[in-house]
Amino acid sequence: MQLQSSNFAPDAWDVATVSDMCVDLVVSGNVRPEFHQVEQIVGDYSLELGGSANIFASQLAKLGARAGILGYVGSDMFGKFALQELDQIGVDTTRVKKLASLKTGIGIHLCEKNDRAMLTYPGSIDATHAEDLDETLLHSCRHWHLASYFLLRNLRSSWPDWIQKCRKAGLTTSLDTNWDPDKKWEGVADLLPYIDVFLPNETEALSLTGETNAWKAARLLAAYGPLTVVKCGEKGAIAVKGNQTWQINGTECQDSPLSVVDNTGAGDNFDAGFICAWLLGYDIDSSLRLGHRCALGSLSSPGGIQGQLQQFVHTKTIDAIKDGR
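Participant: How do you make sense of the layout of surface pockets when you look at a structure like this?
Facilitator: Over the atoms a probe the size of a water molecule is rolled, and this reveals where empty space is left. Its boundaries defined by the atoms lining it, the largest pocket holds a volume of some 1,600 Å³. Every residue lining the largest pocket is counted, 47 residues in all, and those nearest its centre are Arg116, Met118, Asn201, Asn263 and Gly265. Its residues assigned to classes, the lining of the largest pocket comprises 16 nonpolar, 19 polar and 12 charged.

Participant: Explain the sheet that holds strand S6 (residues 105-112) here, please?
Facilitator: Within a sheet, neighbouring strands are paired by backbone hydrogen bonds and run either parallel or antiparallel to one another. With respect to topology, 4 strands assemble into an open sheet ordered S3-S2-S6-S7, the strand pairing being mixed. In this open sheet, the two strands that pair with only one neighbour each are strand S3 (44-50) and strand S7 (115-121). The mean inter-strand angle of the sheet, taken between neighbouring strand axes irrespective of direction, is 20°. Inspection of the sheet shows strand S2 (residues 22-28) paired to S6 by 7 bridges, in the parallel sense. Directly across from Val26, in S6, lies its bridge partner His109. Seen against the sheet, helix H1 (residues 52-62) touches S2 and S3 and runs at an angle of roughly 80° to S3. Across the face of the sheet, helix H2 (residues 77-89) comes into contact with S2, S3 and S6 while running at roughly 70° to S3.

The rules behind the values
Residues numbered from 1 in each chain as written. Predicted model: local features only at pLDDT ≥ 70, side-chain atom pairs only at ≥ 80, totals over all residues. Heavy atoms only, no water. 1 Å grid on protein atoms, 1.4 Å probe; cavity = no way out; pocket = protein on both sides within 12 Å on 5 of 7 lines; lining within 4 Å. Points joined across faces, edges and corners; volume = space filled by probe spheres on them. Nonpolar A, V, L, I, M, F, W, Y, C, P; charged D, E, K, R; others polar. Pairing = 2+ DSSP bridges. Helix = DSSP H or I, 4+ residues; strand = E, 2+ residues; numbered from the N terminus. Axes fitted to C-alpha atoms, helices over the stretch in contact; angles between N-to-C directions. Contact = heavy atoms within 4.5 Å.

Rendered as structure tokens:
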């Protein structure tokens with residue numbers, strides 16, 4: 001993925017993001033617990049690399065982009081596991097620091113068909129602070145992606161100034177808020193005028209706007225300025241920019257009947273596919289198709305990493321998506 005610009009160093013990352021660093025313990029089967037010391041047998045489990053930013057960066061790397069993350073891990077087995085996975089995938093982790101006083105975050109995913117519940121221990125997820133956003137980063141990447149806005153509490157007040165700096169430095173920007181555990185949905189409107197691509201899912205878009213219809217929500221959010229892409233799960237995705245609209249239905253880019261193992265990270269993989277194509281200058285329809293294809297791939301395996309599109313020459317993949325194949 002070669003995005004040429006005289007404003008950036010030749011070895012600059014294509015995309016940078018702050019990592020909500022964690023691992024995911026994905027449990028499936030009869031996962032609804034009963035208290036009072038009731039023991040029950042579940043179907044399966046797996047330990048996966050977690051974090052929306054990590055999943056996003058990993059899929060980008062597999063599509064051929066130079067993706068880098070910054071953040072923290074604990075000096076523990078989960079931190080070692082996360083770094084090994086990211087390094088093996090090809091995500092640049094040189095700006096990830098280890099702290100002995102920190103526990104690496106963990107998300108416990110209780111998965112049923114087409115849905116899941118999540119229990120999260122924050123730990124390293126929210127360990128990055130404003131002072132970690134040094135301005136050398138503005139010349140070290142071409143695009144800034146902001147993931148897990150509501151979980152990265154330490155950075156929330158810093159984002160408006162940082163995103164404006166990104167724009168002044170010539171970086172494009174994207175935002176995926178993910179779910180708000182506090183259900184307040186505050187602060188996003190202040191960011192949207194400076195964001196190029198906003199990527200909420202349908203539930204998040206409805207919660208942010210108070211609407212009950214995805215199209216109405218998308219138009220309200222797009223009125224702040226960004227290209228707004230709303231991920232609608234099995235229904236596909238929609239996009240709005242000004243008076244223009246685009247849509248992809250849930251069966252497009254589907255090579256065979258879909259078997260959903262786990263929907264963890266599907267939205268983050270969609271983000272990666274969409275941003276990859278968009279940065280390469282492909283039209284919105286093509287970007288939606290690649291995003292949707294990346295999301296579909298991740299559904300076939302536990303966690304957000306195993307099912308990612310891989311071993312593809314990314315230009316051929318995107319050309320096939322552009323042609324509707």
